[in-house]
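As a plain string of letters, each chain reads:
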Amino acid sequence: MATVVAGAAVSLDGYVQDADGSIEALYADFEELASSTYLRELQERTGAVLMGRRTYDMAPDPDGYADGYEFQVPIFVVTHTVPPVAPKRNERLWVTFVTDGVESAVRQARDAAGERDVTFIGGADVFRQLWAAGLVDELAVEVMPVLLGGGVRLFDGEAPAALEKVRVDELGARTALRYRVVRTAGPTAGQA
């Protein structure tokens, strides 16, 4: 079954966007990141992408996903409202708008991904829903050496969890951290 990898680029003080809603400071190295071995490996491991509607809407042209998005795999967008016009698709990439919650989106993305990863791309709100539902198998956080001082945090009162380090990658200024979420078995029937 596909592994759900979720997280985001964050500032050193834990924000995924600044007080004005911008993510620009977290992607000042975008050109370097886009041509990195790290991203190529991530692309190879990814069988489906999961994102929230606000992240999806950041693209200036929805048809641009099929034309040149870095992950040419099926995309599942968690949303309350399906756009009136379906975006362009190709033989590898199509967009499915999921209106019945993160559990359904993960189920559909896992089916599409097969043995490859489901990679979550951006959006603190959807990330928190995935985390609260226990749907995150691996946490991927890319730390940029900038202090935003305010904005939207990736973690904001989420339940504690044990994590096991999988890997650390240095990408210029960016440090990519990946952790496996350690799930502990609850008491079995008859135990308290």
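Scoring rules and cut-offs
Residues numbered from 1 in each chain as written. Predicted model: local features only at pLDDT ≥ 70, side-chain atom pairs only at ≥ 80, totals over all residues. Heavy atoms only, no water. Salt bridge = Lys/Arg side-chain N within 4 Å of Asp/Glu carboxyl O. Helix = DSSP H or I, 4+ residues; strand = E, 2+ residues; numbered from the N terminus. Buried < 20%, exposed > 50% of the residue type's maximum accessible area, 1.4 Å probe, protein only. UniProt positions renumbered as here; feature names shortened; annotations may be inferred. Core = buried A, V, L, I, M, F, W, Y, C linked by side-chain atoms within 4.5 Å. Contact = heavy atoms within 4.5 Å.

S.K.: How would you summarise the pattern of salt bridges if you had to cite specific residues and measurements?
M.R.: Tallied over the entire structure, the rule returns 14 salt bridges. Note that Arg167 and Glu41 form a salt bridge whose closest N and O atoms lie 3.2 Å from each other. With Arg167 in strand β9 (residues 162-171) and Glu41 in helix α2 (residues 37-45), this residue pair connects regions lying 126 residues apart in the sequence. Relative accessible area serves as the criterion here: at 28%, Arg167 is assigned to the partly exposed category. The partner of Arg92 in a salt bridge is Glu91, and the shortest N-O contact between them spans 3.2 Å. With a relative accessible area of 64%, Glu91 lands in the exposed category.

S.K.: Describe the UniProt feature "domain: Bacterial bifunctional deaminase-reductase C-terminal" (unreviewed entry) in the protein, naming the residues involved and giving the relevant values.
M.R.: As annotated in UniProt, the feature "domain: Bacterial bifunctional deaminase-reductase C-terminal" (unreviewed entry) corresponds to residues 3-175 in the numbering used here. Structurally, residues 3-175 comprises 26% helix and 29% strand, and the distance from its first C-alpha atom to its last is 22 Å.

S.K.: Explain the nonpolar core to me, using residue names and the numbers behind them.
M.R.: Core analysis: the largest hydrophobic core is formed by 30 residues, its most contacted members being Leu50, Val118, Phe120, Phe127, Leu130 and Leu154. Contributions of two or more residues to this core are made by β1 (4-11), β3 (46-52), β4 (75-78), α5 (102-113), β6 (117-120), α6 (124-132) and β7 (138-144). Leave out the neighbours within four places in its chain, and Phe127 touches Ala6, Gly7, Phe120, Leu139, Leu154 and Phe155. Core analysis: the next-biggest nonpolar cluster, separate from the first, contains 15 residues, Leu39, Leu42, Tyr56 and Val77 among them.

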